[in-house]
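Descriptive structure summary
The residues making up each chain are set out below.
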Amino acid sequence: MTTNVGTLDRIARVILGAALIAFALGYIFPGTGWNMLGWIGIVPLGTAALGNCPAYSLLGLSTCPVKQS
């Protein structure tokens with residue numbers, strides 16, 4: 001699996017994922033009835049941890065800098 005998620009992209013994904021999980025747990029806007037949708041925050045956390053985004057692969061994108069040898 002190739003890395004296609006750069007450092008800044010990973011940081012943004014961790015922040016977004018953590019905020020969505022906090023929403024799901026009721027720390028942000030508790031009791032709105034939509035809190036279960038916050039569990040989708042697992043996806044950006046997973047892609048940040050693995051460094052690979054399947055959507056980027058399908059679209060041929062990469063935010064990871066090209067390594068020169």
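This write-up is about the structure you can find in this document. (Residues numbered from 1 in each chain as written. Predicted model: local features only at pLDDT ≥ 70, side-chain atom pairs only at ≥ 80, totals over all residues. Heavy atoms only, no water.)

For the rest of this paragraph, the subject is the state of the cysteines. Taken as a whole and judged by the stated rule, the model has 0 disulfides. The thiol sulfur of Cys53 is not disulfide-bonded, and the nearest other cysteine sulfur, from Cys64, lies at 13 Å. On the basis of relative accessible area, Cys53 is assigned to the buried category, the value being 8%. A relative accessible area of 23% means that Cys64 is categorised as partly exposed. (Disulfide = S-S within 2.5 Å. Buried < 20%, exposed > 50% of the residue type's maximum accessible area, 1.4 Å probe, protein only.)

So, on to the environment of Leu50. By the secondary structure assignment, Leu50 is in helix α2 (residues 42-50). The class for Leu50 is exposed, based on a relative accessible area of 58%. Considering only alpha carbons, one finds Leu50 and Thr2, 48 residues apart in sequence, at a separation of 9.6 Å. (Helix = DSSP H or I, 4+ residues; strand = E, 2+ residues; numbered from the N terminus.)

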